[in-house]
Number of protein chains: 2
Amino acid sequence: MADRPLKELGWKTPLESARKPVLNRIAKTGICGILDPIAPGMPPGSDTSTLAMLGYDPLKVYSGRGALEAVGSGVEVLPGDVAFRSNFATVDENLVVLDRRAGRIANEDASKLVESLQKVKLKKSKNVEFLFKNTIQHRGALVLHGSKLSAAIGDSDPEETGKKVLKLESQDQSPEAKRTASILSELSQSFHRVLNQHPVNRERIKHKLPPANIVLFRGAGTIPKIDPLGEVFGVKAACIAAVSLIRGVCKVAGMNLIEVKGATGTPQTDYMAKARAAVRALNEHDFVFLHVKATDVAGHDGNFKLKIETVERIDKMLGHILDNIDLSSTVLAVTADHTTSCATRNHEGDPVPVAITGPYVRTDDVAEFGERTCSRGGLHRLKGADLMHILMNLCGHVQKFGA
Amino acid sequence: MADRPLKELGWKTPLESARKPVLNRIAKTGICGILDPIAPGMPPGSDTSTLAMLGYDPLKVYSGRGALEAVGSGVEVLPGDVAFRSNFATVDENLVVLDRRAGRIANEDASKLVESLQKVKLKKSKNVEFLFKNTIQHRGALVLHGSKLSAAIGDSDPEETGKKVLKLESQDQSPEAKRTASILSELSQSFHRVLNQHPVNRERIKHKLPPANIVLFRGAGTIPKIDPLGEVFGVKAACIAAVSLIRGVCKVAGMNLIEVKGATGTPQTDYMAKARAAVRALNEHDFVFLHVKATDVAGHDGNFKLKIETVERIDKMLGHILDNIDLSSTVLAVTADHTTSCATRNHEGDPVPVAITGPYVRTDDVAEFGERTCSRGGLHRLKGADLMHILMNLCGHVQKFGA
């Protein structure tokens, strides 16, 4: 949601330009501030920033994207497992990538391919099992399960068409990394062989569709070693998010993942369905985390108009929540997990605004929710991981340190 | 540049008292805040604060003044070497210091003495070489090169006339420190013997000048282990500074040292020459660091009038820079490396003001550059080392952490 001032908006940010009466009401009745999701000037990923917003120090606990995304898409990843993001892609005979998404292959085709790939046998001596699952279109997750594995493995995905598939290599000299790289190389080659001869791909070629003849891997990761929120704060926590990566972080934090029909992680998501789900979830949970992806999508596309519209939809969504919770016993916080600049189209390291309303909050003079207005608020400038502790403190869920 | 409120200035600081339209313009068009160079209440040295302003954590990387100053005055110091600041001084027959600067001996005399001293032979068994170089007047640098050396060595300079030269002692029990202390003692005594009989000193005595009959050592240090800015941020960086210590820090950070005729590190420095050099340097560098020493000199002398004048000269210097750079594509930050109090005449641990202007900066309401006005700005209160990360983030030179 956060951004930088834009020339096209008269040097206002999209958030500052949006009509947002509910967000402003939250700011006005609450206490505001700014947060550095990780550290001043450090652009966060969505995974590291969400870890921070849930109270963890990403610099200490982050262990790669692969496992979080796998968990978020419903694949079990155990401690010691190494997981990778994967894409079905199209390569030529020299392994040059022609289409990184294999024509955004339909879920049905991908599922049929995965069924065959899951039957590939790894050399028994290696004592490793794998689980491969497709999620949406070309996307999927691979989990290696066994002993002596390492996540210090480079990507095979060159992340650009016209480039050759990268060799899967260990990133350090440990025997575990070398072993993992060798297993993954074997698997990658076996997958390629099976896919080259697969009937689904023969059909795709016949219909002039790019064949999904390779699986590209990236983002090797393990499950971060974190105590679940239930242990840290003694709360029953729920997550409403459509994006696998965010869901994975929340799952690892021990939160219940609530399924919401129509929640898509896109600008067309059903905002009101998410709002209703959040209100319902509050009946059975101490803490509910609701994540909207669309503002980030708009930022990456440089589409400030869409970003403004999205903020306005979020505002209405929050209106429904505010109208249906008891603010004499509920604390509500609004923030962004990072700044995505419509100008650079990237995550940036600028701080994000935050507002907290609810009982016993020490209100301030801020009456408008925005990057610059909130920075004048009573919370001052904090780290992302501070927010959760502040919220849990307001709700009486933290332990005294000392006597 | 930063100071404390002074009674003589109606409880304003020199910076607050100065006429500074350009600094105010930077504050008004930018975002302001205050920085604790190292930590709240901790008075920094010029070396530690410069390390911090370049983005390094001085509490982790600082390894003494000697090596930084040696590097800054053009002496090569390698990892493992131990370097010392040195002064030619005058002592009596009991080694009581009569003049810590040997009458601010002229460069030519000092050079002749150094020529003889460099010929001193260390006992071969010690397997150590030394390099001794004079810089300006009585000042110089000594570098010990060899294995098993330590910088845990006390000073021989008592830093006061009328006191006896201190015994060079190890500051810990390590064999390396004891060995280094013994080598340095041997060298110190040999130097004293050579100097006592040197024709230059006989001439000086004849002309009623204090003989430079001893070399005092202090500030033992090694090269800090830091990654150069080119590696940390991928930038080509330049330094415009006259002071050896600052130049040394910048050199160690991998920056190009730009020579500016007339830049002296004194209140009489050629401010405009530095400004012109900075504008030129920006054509070939991603990052240019310009340092002015004179405000600190005025603070150490308790000369608040000179400090105000210096701020006004700096303001004009910044005017030239602002008029000659493209602020739609350049980020400009102004700060002080520490507070030097005209009242205590020392470095103090109070925070320093900072203002950043340039494209896409989230401006605030501050319209005047000063210690107290800036503290109401949108940057809030940060650590010195945060500044570089914030600047590099604004310029697109930082990597995302996470996915």
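Above this note sits the structure.
Residues numbered from 1 in each chain as written. Chains lettered and ligands numbered in written order. Predicted model: local features only at pLDDT ≥ 70, side-chain atom pairs only at ≥ 80, totals over all residues. Heavy atoms only, no water.

A word on helix α3 (residues 46–53) of chain A
All names here are of chain A. Burial within α3 is extensive, with eight of its eight residues counted as buried. What α3 keeps buried is the set Ser46, Asp47, Thr48, Ser49, Thr50, Leu51, Ala52 and Met53. Immediately downstream of α3, the backbone of Gly55 shows phi near 100 degrees, a positive value. (Buried < 20%, exposed > 50% of the residue type's maximum accessible area, 1.4 Å probe, protein only. Helix = DSSP H or I, 4+ residues; strand = E, 2+ residues; numbered from the N terminus.)

Describing the sheet that holds strand β8 (residues 256–257) of chain B
Residue and element names in this part refer to chain B. One open sheet accounts for three strands, arranged β8-β7-β9; its pairing is parallel. The open sheet terminates on both sides in strands that have one partner only, identified here as β8 and β9 (287–290). Where strand β7 (residues 237–240) lies against β9, four bridges are found, and the strand directions are parallel. Within β9, the residue paired with Cys239 across the bridge is Phe289. (Pairing = 2+ DSSP bridges.)

A look at the sheet that holds strand β9 (residues 287–290) of chain A
Here three strands make up an open sheet; going across it, the order is β8-β7-β9 (chain A) and the pairing parallel. At either margin of the open sheet sits one strand with a lone partner, and together these are β8 (256–257) and β9 of chain A.

A word on the nonpolar core
Taken as a class, soluble globular proteins show a tendency for nonpolar side chains to be buried jointly. Core analysis: the largest hydrophobic core is formed by 88 residues, its most contacted members being Leu54(A), Leu229(A), Met255(A), Phe287(A), Leu318(A), Ile356(A) and Phe369(A). Ranked by residues supplied to this core, first place goes to helix α13 (residues 304–324) of chain A with eight residues. Apart from the residues lying within four places of it in its own chain, the contact partners of Ile356(A) are Gly30(A), Ile31(A), Val331(A), Leu332(A), Ala333(A), Val361(A), Leu379(A), Leu387(A), Ile390(A), Leu391(A) and Leu394(A). Ile258(B), Val331(B), Ala336(B) and Phe369(B) belong to the second-largest nonpolar core, a separate cluster that totals 56 residues. (Core = buried A, V, L, I, M, F, W, Y, C linked by side-chain atoms within 4.5 Å. Contact = heavy atoms within 4.5 Å.)

A short note on the relation of the copies chain A and chain B
Note: a rotation about an axis with an accompanying shift along it relates these two copies of the chain. In screw terms, the move from chain A to chain B is a rotation of 121 degrees and a rise of 0.1 Å along the axis, fitting with an RMSD of 0.2 Å. Accordingly, the operation relating the two chain copies is best matched by a three-fold axis. When C-alpha positions in chain A are compared against the rotation axis, the closest is assigned to His380(A), at 4.0 Å. When the interface residues of chain A are mapped onto chain B, a mere 3% of them again lie at the interface, so each copy presents a different face. (Least-squares fit on C-alpha atoms with pLDDT ≥ 70 in both.)

Concerning the packing of aromatic side chains
Scanning the entire structure with this criterion turns up twelve aromatic pairs over all chains. Clustering of aromatic rings is evident, with ring pairs tying together Phe84(A), Phe88(A), Phe130(A), Phe132(A), Phe191(A) and Phe217(A). (Phe/Tyr/Trp six-rings, centres within 6.5 Å; stacked < 30°, edge-to-face > 60°.)

A few points about the side chain of Ser156(B)
Residues and elements named next belong to chain B. Assignment of secondary structure puts Ser156 in the loop between β5 (139–146) and α7 (175–196). For Ser156, a relative accessible area of 1% gives the class buried. Once residues within four sequence positions are removed from consideration, Ser156 is found in contact with Val165, Leu166, Leu168, Val215, Leu216 and Phe217.

Looking at the interface of chain A and chain B
On the chain B side, the residues contacting the 34 residues of chain A number 20 residues. Counting the surface lost from both chain A and chain B, the interface buries some 2,200 Å², and carbon and sulfur atoms represent 56% of this. On the chain A side of the contact with chain B, Arg4(A), Pro40(A) and Arg381(A) bury the most area, a combined 24% of that side's loss. On the surface where chain A and chain B come into contact, there are one salt bridge. We note a salt bridge from Arg376(A) to Asp365(B), for which the minimum N-O separation is 3.2 Å. The interface formed by chain A and chain B includes 15 residue pairs in polar contact (both at pLDDT 80 or more). When contributions to the side of chain A that touches chain B are tallied by element, the ones reaching two or more residues are α3, α4 (58–61), β12 (347–348), α14 (371–374) and β14 (380–383) of chain A. Residue contributions to the side of chain A that touches chain B peak at three residues, all from α3(A). Taken together, the residues that form the side of chain A that touches chain B break down as 15 nonpolar, nine polar and ten charged. (Buried area = accessible area lost by both parts, 1.4 Å probe. Salt bridge = Lys/Arg side-chain N within 4 Å of Asp/Glu carboxyl O. Polar contact = N/O pair within 3.5 Å; in protein donor to acceptor, adjacent residues only side chain to side chain. Nonpolar A, V, L, I, M, F, W, Y, C, P; charged D, E, K, R; others polar.)

Some thoughts on the pattern of salt bridges
Side chains carrying opposite charge are able to pair once their charged atoms draw close together. Enumeration over the complete set of coordinates arrives at 35 salt bridges over all chains. Among the salt bridges present, the one from Asp3(A) reaches Lys307(A), with a minimum N-O distance of 2.9 Å. Here Lys307(A) lies in helix α13 and Asp3(A) lies in the segment before α1 (14–17), a separation of 304 residues in the sequence. The same class applies to Asp3(A) and to Lys307(A), which are both buried. Between Glu159(B) and Arg218(B) there is a salt bridge; the shortest N-O distance is 3.9 Å. One end of the pair, Glu159(B), is in the loop between β5 and α7; the other, Arg218(B), is in strand β6 (residues 214–221), and 59 residues separate them in sequence.

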